[in-house]
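Observations on the three-dimensional arrangement
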Amino acid sequence: MTRTIRWGILGTGRIARDFAQGLRATPDAVLAAVASRSSEGAQAFAQQFDVPLAFNSYEELAASPEVDIVYIATPHPMHAANALLALRGGKAVLCEKPFAMNRREAGEVVALARAKSLFLMEAMWTRFMPALAEVRRIIASGEIGAVTQLHADFGFSATPDPAHRVNDPTLGGGALLDLGIYPLSIACALLGRVETVQAQAVMGETGVDLTTAFTMRHAGGTLSICSCSLRARAPSELVVSGTRGSVRMHRMFHMTESVTVDLLDGPSRTISTPWLGNGYTHEAIAAGQCLRDGLLEHPDMTHDDTLAIMDLLDTIRRQIGLRYPSDA
């Protein structure tokens, strides 16, 4: 693998544009190609971000010899199929969250990546942000004592328009997959394997969850209490508490630029944790380094991590009665 990583972006929506912006600040990375289902969409994106190759089909990007890794930025229900397409084309894949619509789909993608010995990673950018690295360091240092629990929420007031993607079950709408996956994933990253989960939700008229809360018991005996909502402007903070104090990731915790430590026997202190680019840069750096090192997965976002998260999402959805067409 050459030092410069050649990226292709599959999709041209807001997330695709955010990631393209992040790539501009990523060392030794170039945005080589973009694909849309329309020629107009691909050309407009290519012109905005100075992309050499603009394809009007996903298949062309997957087959292009000018691309090393594909970033999947399409709507939720398309993630698995698009990842499979890119892998079949011999491309490494960074797939936006949620990685798939359910554990079955996720398993198929992981199995193909392993069979073809290709790099694959879920694009959970929080796991690569400097703030999470600092929280890990503080926990490992013992400064806040033995960790006992984690609290996290993520919510905003989304549009009630039933046709909007966040309210449309055919597009994977609902609070859980859009927002709840953030506190769920970071709780697993910090506290480890989940033994049990219990959830409740308020459902909307279109059949998706508007507000969901869930509690997880982790293998080490710790608890995480998480919530997400499309109808509440929540603090969107995350707090890890221990026997001697706590560490807080400030609003919005998944992209915070500072964390605060509060101790029982000392003053509070805030640590600056600035990030590069627009935040997406860090996961791009991580994926690129894996390709250079010949790794098939990243140790901070492994295939097993992703599959475990999809299992938890499936369990929560069964408990709250949230079903999607892909579950059939």
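What counts, and where the lines are drawn
Residues numbered from 1 in each chain as written. Predicted model: local features only at pLDDT ≥ 70, side-chain atom pairs only at ≥ 80, totals over all residues. Heavy atoms only, no water. UniProt positions renumbered as here; feature names shortened; annotations may be inferred. Helix = DSSP H or I, 4+ residues; strand = E, 2+ residues; numbered from the N terminus. Buried < 20%, exposed > 50% of the residue type's maximum accessible area, 1.4 Å probe, protein only. Contact = heavy atoms within 4.5 Å. Axes fitted to C-alpha atoms, helices over the stretch in contact; angles between N-to-C directions. Parallel < 35°, antiparallel > 145°, perpendicular 65-115°, else oblique. Left-handed = near helix turned anticlockwise from the far one by under 90°. 1 Å grid on protein atoms, 1.4 Å probe; cavity = no way out; pocket = protein on both sides within 12 Å on 5 of 7 lines; lining within 4 Å. Points joined across faces, edges and corners; volume = space filled by probe spheres on them. Nonpolar A, V, L, I, M, F, W, Y, C, P; charged D, E, K, R; others polar. Domains from an automatic or database assignment.

If you check an unreviewed UniProt entry, the chain appears there as Gfo/Idh/MocA family oxidoreductase from Massilia arenae. What the UniProt record of the chain gives under Sequence similarities (unreviewed entry) is the line "Belongs to the Gfo/Idh/MocA family."

Our focus in this paragraph is the side chain of asparagine 167. Note on placement: asparagine 167 falls in the loop between strand S7 (147-155) and helix H7 (175-191). With a relative accessible area of 3%, asparagine 167 lands in the buried category. When near neighbours in sequence (up to four residues on either side) are disregarded, asparagine 167 contacts Thr159, Pro160, Asp161, Pro162, Thr206, Val208, Leu210, Leu230 and Arg231.

On to the environment of leucine 132. Among the secondary structure elements, leucine 132 is positioned in helix H6 (residues 130-141). C-alpha of leucine 132 to C-alpha of alanine 152: the two residues are 20 residues apart in sequence and 13 Å apart in space.

With that out of the way, let us pick up the packing of H7 against helix H9 (residues 303-320). The N-to-C vectors of H7 and H9 enclose an angle of 125 degrees; their axes lie 11 Å apart at closest approach. One way to sum up the angle between H7 and H9 is to call them oblique. Note on packing geometry: the crossing formed by H7 with H9 is right-handed. Across the interface between the two elements, Leu176, Leu177, Ile181, Leu184, Ser185 and Cys188 of H7 pack against Ile309, Leu312, Leu313, Ile316 and Arg317 of H9.

As a further point, take the layout of surface pockets. It is a probe the size of a water molecule, rolled over the atoms, that shows where empty space is left. As a volume, the largest pocket reaches approximately 730 Å³. Lining the largest pocket are 32 residues; nearest its centre among them are Arg14, Ile15, His76, Arg165 and Asp178. Contributions of two or more residues to the lining of the largest pocket are made by helix H1 (14-23) and H7. Looking at the lining of the largest pocket residue by residue, the class counts come to 14 nonpolar, eleven polar and seven charged. Two domains each provide a minimum of three residues to the lining of the largest pocket, namely domain 1 (5-125) and domain 2 (130-274 + 309-327). Here the second largest pocket defines a volume of roughly 230 Å³. Lining the second largest pocket we find 14 residues, and of these Cys188, Gly192, Arg193, Asp305 and Ala308 sit closest to its centre. Those elements that provide at least two residues to the lining of the second largest pocket are H7 and H9.

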